[in-house]
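A closer look at the structure
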Amino acid sequence: MTDAAIPGQEPSHPSKLRLLDAALKVFRAKGYTATRLEDICAEAGVTKGSFFHHFSGKEDLAVAAAGHWSATSGEFFRQAPYQAHGDPLVRLLAYVDFRKSLLRGEPAAFTCLAGTLVQETFETSPAIREACDGAICGHAAAVARDIAEAKARYAPDAAWTAEGLALHTQAVIQGAFILAKARHDAQVAVDSLDHLRRYLELLFNPPKEETCSHPAGPSSGTN
């Protein structure tokens, strides 16, 4: 058994952290199948011996990388500017705006590690699939908390659930990433998130003053 990171648990050794950070970059750029251990080690600046001290192989690394992604991106979103909004619906719409603000540069720079890995491995690696499901659904659960508050205030009688709508937001975002990769252009993803925002506004039918502004987010970050 290696000391690979448990999903959601931060790594403790510097070389292990470099390997995990390298995995986030290389897996998103090349995909799981095309990535070689040599690519990861070169990006991390470590030897293969160091790699095998921490991980048993590429699958072990991918599982740990999904956990590392969940932990680091989770903290990133907890510190994001949209969290400062007191109204839960304004916060939810600002979350979509913030996600849109991250769609800059090459697709590999803004797409989701978990979404990238699971598309290739959902049949071949149950361990990676489960780790990616944990990462995506963990983020959806955080979004669901804001949706539940907004639903209680603006749409208490709606038949849909906060959990279901939160998962739908992630389905749209992950689909937007796929379209951006297919066209090698972030604009199609930006357009998809604009449609998501309009859909959320229609679901809640909020007062105009609550949705007229689009809070600005930073121009770069992680998913």
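Rules and cut-offs
Residues numbered from 1 in each chain as written. Predicted model: local features only at pLDDT ≥ 70, side-chain atom pairs only at ≥ 80, totals over all residues. Heavy atoms only, no water. Helix = DSSP H or I, 4+ residues; strand = E, 2+ residues; numbered from the N terminus. Buried < 20%, exposed > 50% of the residue type's maximum accessible area, 1.4 Å probe, protein only. Contact = heavy atoms within 4.5 Å. Areas by Shrake-Rupley, 256 points an atom, 1.4 Å probe, with all protein chains shown as cover. Core = buried A, V, L, I, M, F, W, Y, C linked by side-chain atoms within 4.5 Å. Phe/Tyr/Trp six-rings, centres within 6.5 Å; stacked < 30°, edge-to-face > 60°. Lys NZ or Arg CZ within 6 Å of the ring centre and 35° of its normal. 1 Å grid on protein atoms, 1.4 Å probe; cavity = no way out; pocket = protein on both sides within 12 Å on 5 of 7 lines; lining within 4 Å. Points joined across faces, edges and corners; volume = space filled by probe spheres on them. Nonpolar A, V, L, I, M, F, W, Y, C, P; charged D, E, K, R; others polar. Axes fitted to C-alpha atoms, helices over the stretch in contact; angles between N-to-C directions. Parallel < 35°, antiparallel > 145°, perpendicular 65-115°, else oblique. Left-handed = near helix turned anticlockwise from the far one by under 90°. Salt bridge = Lys/Arg side-chain N within 4 Å of Asp/Glu carboxyl O.

Each helix and strand counted, the protein has eleven helices and zero strands in total. When the elements of the protein are put in sequence order from the N terminus, they spell out α-α-α-α-α-α-α-α-α-α-α. Here the protein holds 223 residues, and the buried ones make up 49% of them. Across the protein, contacts joining residues at least 24 apart in sequence account for 71% of those joining residues at least 6 apart. Carbon and sulfur atoms form 55% of the exposed surface of the protein, whose accessible area is close to 10,700 Å².

Further remarks concern the nonpolar core. Ranked by internal contacts, the top residues of the largest apolar core, which has 65 residues, are Phe27, Leu61, Leu103, Leu117, Ile147 and Phe204. Look past the residues within four positions of Leu117 in its chain and what remains in contact with it is Phe27, Tyr32, Ala62, Ile128 and Cys132.

Further remarks concern the side chain of Thr35. Relative to the elements of secondary structure, Thr35 occurs in the loop between helix H1 (14-30) and helix H2 (37-44). By relative accessible area, which is 3% here, Thr35 ends up buried. Not counting the four nearest positions on each side in its chain, Thr35 is found in contact with Val26, Phe27, Lys30, Ile40 and Lys58.

Another point: the packing of aromatic side chains. The final tally for this structure, using the stated rule, is eleven aromatic pairs. Between Phe51 and Phe55 the ring centres are 5.6 Å apart and the planes differ by 45 degrees, which places this aromatic pair in the tilted class. For the pair Phe51 and Phe55, one class covers both residues: buried. Taken together through their ring pairs, the aromatic side chains of Phe76, Phe77, Tyr82, Tyr95 and Phe98 make up a single cluster. Lying over the aromatic face of Tyr32, Lys58 brings its terminal NZ or CZ to 4.5 Å of the ring centre. Over the ring of Trp160 we find Lys151, and its NZ or CZ is 5.5 Å from the ring centre.

Its volume calculated, the largest pocket comes out at about 460 Å³. The wall of the largest pocket is formed by 29 residues, among which Gly74, Phe77, Gly138, His139 and Ala142 lie closest to the centre. Broken down by secondary-structure element, the contributors of at least two residues to the lining of the largest pocket are helix H4 (58-78), helix H5 (88-101), helix H8 (126-154) and helix H9 (162-183). For the lining of the largest pocket, the element with the most residues is H8, which contributes eleven residues. In the lining of the largest pocket, the residues fall into 13 nonpolar, ten polar and six charged.

So, on to unusual backbone geometry. Its identity as a non-glycine residue notwithstanding, His184 has a phi of 55 degrees, on the positive side. Along the chain, the position of His184 falls in the loop between H9 and helix H10 (187-204).

On to the packing of H8 against H9. Running from amino to carboxyl end, H8 crosses H9 at an angle of 125 degrees, the nearest separation of the two axes being 8 Å. When the interaxial angle is binned, H8 and H9 end up oblique. Of the two possible hands of crossing, H8 and H9 adopt the one that is right-handed. Between H8, through Ile136, Cys137, His139, Ala140, Val143, Ala144, Ile147 and Ala148, and H9, the contact on the second element is made entirely by Ala162, Glu163, Leu165, Ala166, Leu167, Thr169, Gln170 and Gln174.

With that settled, consider the packing of H4 against H8. What describes two packed helices is the angle between their axes and the distance between those same axes. It is the contact of H4 with H8, at a shortest axis distance of 8 Å, that shows an interaxial angle of 5 degrees. When the axes of H4 and H8 are compared, the pair comes out roughly parallel. Residues Glu59, Ala62, Val63, Ala66, Ser70 and Phe77 of H4 touch H8, and the partners they reach there are Ala127, Ile128, Ala131, Cys132, Ala135 and His139. For the contact of H4 with H8, the per-class residue count stands at nine nonpolar, two polar and one charged.

A few words now on the pattern of salt bridges. Enumeration over the complete set of coordinates arrives at eleven salt bridges. One salt bridge connects Arg197 with Glu201, and the closest N-O pair in it is separated by 2.6 Å. With Arg197 and Glu201 both in helix H10 and four residues apart, this pair spans about one turn of that helix. Taken together, the salt bridges that share partners define one network made up of Lys30, Arg36 and Asp39.

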